[in-house]
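Structural features, examined
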Amino acid sequence: MPDAVITVSQLGKRYGRTVAVDDVSLQVYEGEIFGLIGPNGAGKTTTMECVQGLRRQDRGTVSVLGLDPQRQSAELRRRIGVQHQEAHLQKRIKVWEAVDLWSALYDRTVDADALLARLGLTAKRDAWFMTLSGGQKQRLFIALALIHEPAVVFLDELTTGLDPQARRAIWELVTDIRARGATVFLTTHLMEEAERLCDRVAIIEHGRLIEVGTPAELVARHCPERRVVFTSDDAMAAEALRRTPAVRAFEATGSTVTLHGEGDDFVTAVIQAIAVSGVHVRGFRTELPTLEDVFLRLTGHGIRD
């Protein structure tokens, strides 16, 4: 097991009578992408800000790279990179000026031009901040977070509001950050993002952690259901397959049959049953659960404000 670079123990934070974070404990290991996921207002950003030392927790302890974010904040700042959810820059600051300004804050920095090239911002080097697209702004904020080659990078709701192309480009950058040796701690409410990027995730709800594990582990633990949907002109198709031991339930609507079961062997069992029964199939697809299914099962389907 790699070393833990972030350790949070029994973290608590209140705002008046509102409990934002309640008894949160977690560890983030060296070289992984760790995601803190939850509905709006669940406590993700507050937890991350306490870990970074931007907010003082009411109780519990936090260690990042062996440092206390409150007592050793200056030393910690030199070793972590932070991208904030609501980050802004002056409208008429140029890209190269922003990078140059951030570089002046650190004793050791990477090659700024090489970093901009790596993030696809070379052509925008002389552009004003206000002229950048949403994806370009996010890439600039990543550049500012990486200018001093930090050991741990914090990313808060990184792709909220971006179009699919920009979101995919940012995802590639995040995996590149990890590939270059940094540990990434991110928050997101986008389940596809968490499932694609994160080695492990923690689900937070009403300020409390309710699950931690790899996306695959959480899906297997909470959503073992599988569905096979196929179309057939054979009027007896549903009847031929409903007696398959692996099938827990089935639905037949016209020529479309949906079979329900559990476990990794379910799909194989259905394919074998179709072959044995001789049913002619015109279309066939599987529907597997995702991290979003786990998220909704654990946190509910209600709209959050």
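What comes next is a walk through the structure. (Residues numbered from 1 in each chain as written. Predicted model: local features only at pLDDT ≥ 70, side-chain atom pairs only at ≥ 80, totals over all residues. Heavy atoms only, no water.)

**Overview of the overall build of the protein chain**
Scanning the protein chain from N- to C-terminus turns up 11 helices and 13 strands. Viewed in the frame of its principal axes, the protein chain has a C-alpha envelope of about 75 × 45 × 40 Å. Taking as baseline every contact in the protein chain between residues at least 6 positions apart, the subset at least 24 positions apart corresponds to 69%. Accessible area for the protein chain stands at about 15,500 Å²; split by element, carbon and sulfur atoms hold 47% of it. If the 37 positive side-chain charges of the protein chain are averaged to one point and the 41 negative ones to another, these points end up 4 Å apart. (Helix = DSSP H or I, 4+ residues; strand = E, 2+ residues; numbered from the N terminus. Contact = heavy atoms within 4.5 Å. Areas by Shrake-Rupley, 256 points an atom, 1.4 Å probe, with all protein chains shown as cover. Lys, Arg positive; Asp, Glu negative; His and termini not counted. Charge placed at Lys NZ, Arg CZ, Asp CG, Glu CD.)

**A word on the state of the cysteines**
With the rule as written, the count across this model stands at 0 disulfides. No disulfide involves Cys-198; its sulfur sits 17 Å from the nearest other cysteine sulfur, which is in Cys-223. We classify Cys-223 as buried; its relative accessible area is 2%. (Disulfide = S-S within 2.5 Å. Buried < 20%, exposed > 50% of the residue type's maximum accessible area, 1.4 Å probe, protein only.)

**Here's the deal with the sheet that holds strand β6 (residues 152-156)**
Taken together, 6 strands build an open sheet; the order of strands is β5-β6-β7-β3-β8-β9 and the sheet is mixed. With one partner strand each, in any of the chains shown, β5 (80-83) and β9 (208-213) form the two edges of the open sheet. For this sheet, the mean angle separating the axes of adjacent strands, direction not counted, is 15°. Across 5 bridges, the pairing between strand β8 (residues 200-205) and β9 is antiparallel. (Pairing = 2+ DSSP bridges. Axes fitted to C-alpha atoms, helices over the stretch in contact; angles between N-to-C directions.)

**Description of the pattern of salt bridges**
One pass over the full model with this rule turns up 21 salt bridges. Put simply, Glu-149 and Arg-108 hold a salt bridge, and the shortest N to O gap is 3.2 Å. Of this pair, Glu-149 sits in the loop between α5 (134-146) and β6 while Arg-108 sits in the loop between α3 (95-103) and α4 (112-118), placing them 41 residues apart in sequence. We classify Arg-108 as exposed; its relative accessible area is 53%. Across the salt bridge formed by Arg-196 and Glu-192, the nearest N and O atoms sit 3.0 Å from each other. With Arg-196 and Glu-192 both in helix α7 (residues 191-197), this residue pair falls 4 residues apart, about one helical turn. On the basis of relative accessible area, Arg-196 is assigned to the exposed category, the value being 51%. (Salt bridge = Lys/Arg side-chain N within 4 Å of Asp/Glu carboxyl O.)

**Overview of the packing of aromatic side chains**
Think of a pair of aromatic rings as described by two things: how far the centres are apart, and how the planes are tilted against each other in angle. This structure, assessed with the given rule, holds 3 aromatic pairs. Aromatic side chains Phe-129 and Phe-141 sit 5.8 Å apart centroid to centroid with 55° between the ring planes, which places their arrangement in the tilted category. Remark: Phe-141 occurs in helix α5 and Phe-129 occurs in the loop between α4 and α5; sequence separation between them is 12 residues. As far as burial versus exposure is concerned, Phe-129 and Phe-141 are alike and both buried. Pairing Phe-154 with Phe-185 gives two aromatic rings, centres 5.8 Å apart and planes at 50°, and the pair type is tilted. Here the residue Phe-154 occupies a position in strand β6, and Phe-185 occupies one in strand β7 (residues 183-188), the gap between them amounting to 31 residues. Accessibility classification places Phe-154 together with Phe-185 in one group, the buried group. Every member of this aromatic cluster is reached through a ring pair, and the members are Phe-34, Phe-154 and Phe-185. Above the plane of the ring of Trp-128 lies Arg-92, whose end atom (NZ or CZ) is 5.2 Å from the centre. Over the ring of Phe-129 we find Lys-137; its NZ or CZ atom is 4.9 Å from the centre of that ring. (Phe/Tyr/Trp six-rings, centres within 6.5 Å; stacked < 30°, edge-to-face > 60°. Lys NZ or Arg CZ within 6 Å of the ring centre and 35° of its normal.)

**Some remarks on the nonpolar core**
Burial of nonpolar side chains together is a common tendency in soluble globular proteins. Within the largest apolar cluster, 46 residues are counted, with the highest numbers of intra-cluster contacts made by Leu-89, Leu-140, Ile-142, Val-174, Leu-186 and Leu-291. In this structure Leu-89 touches Ala-98, Trp-102, Phe-129, Leu-140, Phe-141 and Leu-144, once residues within four positions along its chain are discounted. Core analysis: the second largest hydrophobic core is formed by 26 residues, Ala-20, Leu-36, Leu-67 and Phe-154 among them. (Core = buried A, V, L, I, M, F, W, Y, C linked by side-chain atoms within 4.5 Å.)

**Section: the sheet that holds strand β4 (residues 59-64)**
Taken in spatial order, the 3 strands of this open sheet run β2-β1-β4, and their pairing is antiparallel. Bordering the open sheet on either side are β2 (18-29) and β4, each of which pairs with just one other strand. Neighbour-to-neighbour, the strand axes of this sheet turn through a mean angle of 15°, independent of strand direction. Note that strand β1 (residues 4-15) and β4 share 5 bridges and pair antiparallel. Bridged to Ile-6 within β4 is Val-64.

**Structural notes on the pairing of β8**
Residues in a regular strand project their side chains so that they alternate between the two faces of the sheet. Buried residues dominate β8, accounting for 6 of its 6 residues. The alternating pattern of β8 places Arg-200, Ala-202 and Ile-204 and Val-201, Ile-203 and Glu-205 on opposite faces, both of which are buried. The pairing of strand β3 (residues 33-37) with β8 spans 4 bridges and is classified as parallel. Looking at the pairing, Leu-36 lines up with Ala-202 of β8. Hairpin connection of β8 to β9: 2 residues between the antiparallel strands, including His-206 at a positive phi of 50°.

So far we have only geometry, and geometry alone does not tell us how the molecule works.
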